[in-house]
Amino acid sequence: MKPLITAIVAFILIGIVADAVLFIVDEREQVVVTRVGEPRRTIQEAGLYWKVPFVEQVHSFDNRLLFSDADPAPIYTQDKKNLIVDNFARWKVVDPLKFMRSVQTIFGAQSRLDDIIYAAVREELGKRELEEIVSGDRNEIMSAVTERSKLDAADLGIEVIDVRIKRADLPEENKKNVFDRM
């Protein structure tokens, strides 16, 4: 009975030490290992890795394509018309160290991306008239917005893949006027 208890205790101790020393990087994530808050290494390949127990911390970030859906916001066109624009973006973390230093979390990144994308959409739609936005080819507009967002988000360790407009509506007071004129 005594050798069985010793074997169980030894197995538990080996498990605790292995958990403190080893960590697994999944193929869907990337990792920054820090020692006392200072980054030591970045790991973007899946596998089993080691760390110094109780001194090094592992910060993991998603490696997949992420989705950010912004709230509808008002935008003024070149001809001084008001539009309510609802957009979304697809993006991914490409530099986990920059990402950790700048925004730290997915929620922080989405908040910053919403601001960056809204500024790019507002600037690009502000150069165009309402008729061109509503009836024209949006691919050119959205390509320009995506490129501008990609440049602005690069400092955050983020690559913006695509930005699209889901809806572009007139405000309620404008809708009533348009229908009255019709």
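**Student:** For this particular structure, what's the right way to read the overall build of the chain?
**Tutor:** Helix and strand counts for the chain stand at six helices and nine strands. Computed over its C-alpha atoms, the radius of gyration of the chain comes to 25 Å, more than 25% above the 16 Å expected for a compact globule of 182 residues. Overall, the chain is about 95 × 35 × 25 Å in size when its C-alpha atoms are taken along their principal axes. Out of the 182 residues in the chain, the part that is buried amounts to 31%. Expressed as a percentage of contacts within the chain between residues at least 6 apart in sequence, the contacts between residues at least 24 apart total 63%. Summed over its atoms, the accessible surface of the chain is roughly 11500 Å², and 56% of this surface lies on carbon and sulfur atoms.

**Student:** Is there a simple way to think about the packing of aromatic side chains in this case?
**Tutor:** Pairs of aromatic rings are described using the distance from one ring centre to the other and the angle between the two planes. Taken as a whole and assessed by the stated rule, the structure comprises three aromatic pairs. Aromatic pair F61 and F99: ring centres 5.2 Å apart, planes at 75°, arrangement edge-to-face. Taken together, the residues span a long stretch of sequence, with F61 in strand β5 (residues 56-62) and F99 in helix α2 (residues 96-102) at a distance of 38 residues. There is no split in this pair, since F61 and F99 are both buried.

**Student:** Quick question: what am I supposed to make of the pattern of salt bridges here?
**Tutor:** Any two side chains of opposite charge can pair if their charged atoms end up close together. Applying the stated criterion across every chain, the model contains 13 salt bridges. D62 is the salt-bridge partner of R64, the closest N and O atoms lying 3.0 Å from each other. In this structure R64 comes out as partly exposed when scored by relative accessible area, which is 44%. Residue D62 is classed as buried on the basis of its relative accessible area, which comes to 18%.

**Student:** I would appreciate a short explanation of the nonpolar core in the present structure.
**Tutor:** Note on soluble globular proteins: their nonpolar side chains tend to be buried together. By size, the foremost hydrophobic cluster in this structure holds 30 residues, and its most contacted members are W91, F99, L125 and I158. In terms of residue count, the dominant contributor to this core is helix α3 (residues 106-126) (seven residues). Beyond its immediate stretch of four places on either side in the chain, I158 contacts W91, K92, V94, F99, A109, L113 and A153. Within the second largest apolar cluster, five residues are counted, among which are F23, V25, V31 and I43.

**Student:** Just to check I follow, could you spell out α3 for this structure?
**Tutor:** An α-helix turns once every 3.6 residues. As a result, residues three or four positions apart point the same way. With 21 residues, α3 ought to run about 30 Å at 1.5 Å a step, and its terminal C-alpha atoms sit 29 Å apart, in line with that. Turning to α3, its buried residues number three or more, namely A109, L113, I116, I117, A120, V121, E124 and L125. Considered in projection along α3, the buried side chains sweep an arc of 150° and stay on one side of the axis. Turned more than 90 degrees from where α3 packs its buried face, F107 and D115 sit exposed.

**Student:** For this particular structure, what's the right way to read a nonpolar patch on the surface?
**Tutor:** Nonpolar side chains collect at one region of the surface, where L4, I5, I8, V9, I12, L13 and I16 lie side by side and expose about 650 Å² of accessible area between them. Within the secondary structure, L4 sits in helix α1 (residues 2-21).

**Student:** Please explain the sheet that holds β5 as it appears in this structure.
**Tutor:** The strands making up a sheet are joined through hydrogen bonds of the backbone, oriented either antiparallel or parallel. Across the sheet, three strands lie side by side as β3-β2-β5; this open sheet has antiparallel pairing. Every interior strand has two partners, whereas the edge strands, β3 (38-43) and β5, have only one. Strand-to-strand twist across the sheet, computed as the mean angle between neighbouring axes with direction ignored, equals 25°. In terms of strand pairing, strand β2 (residues 29-35) meets β3 through five bridges, oriented antiparallel. Its bridge partner lying in β3, T34 is registered against P39.

**Student:** Is there a simple way to explain the environment of D114 in this structure?
**Tutor:** Mapped onto the elements of the fold, D114 is located in helix α3. Of the residues examined, D114 reaches a relative accessible area of 27% and is grouped as partly exposed. For the pair D114 and D71, spaced 43 residues apart in sequence, the C-alpha to C-alpha distance is 8.5 Å. Reaching out from D114, the side chain makes a polar contact with the side chain of S68 at a distance of 3.3 Å.

What counts and what doesn't
Residues numbered from 1 in each chain as written. Predicted model: local features only at pLDDT ≥ 70, side-chain atom pairs only at ≥ 80, totals over all residues. Heavy atoms only, no water. Helix = DSSP H or I, 4+ residues; strand = E, 2+ residues; numbered from the N terminus. Rg over C-alpha atoms; globule rule 2.2 N^0.38 Å. Buried < 20%, exposed > 50% of the residue type's maximum accessible area, 1.4 Å probe, protein only. Contact = heavy atoms within 4.5 Å. Areas by Shrake-Rupley, 256 points an atom, 1.4 Å probe, with all protein chains shown as cover. Phe/Tyr/Trp six-rings, centres within 6.5 Å; stacked < 30°, edge-to-face > 60°. Salt bridge = Lys/Arg side-chain N within 4 Å of Asp/Glu carboxyl O. Core = buried A, V, L, I, M, F, W, Y, C linked by side-chain atoms within 4.5 Å. Expected span 1.5 Å × (residues − 1). Arc of directions from axis to C-beta. Patch = residues over 30% accessible without salt bridge, like charges linked within 9 Å, V, L, I, M, F, W, Y side chains within 5 Å. Pairing = 2+ DSSP bridges. Axes fitted to C-alpha atoms, helices over the stretch in contact; angles between N-to-C directions. Polar contact = N/O pair within 3.5 Å; in protein donor to acceptor, adjacent residues only side chain to side chain.

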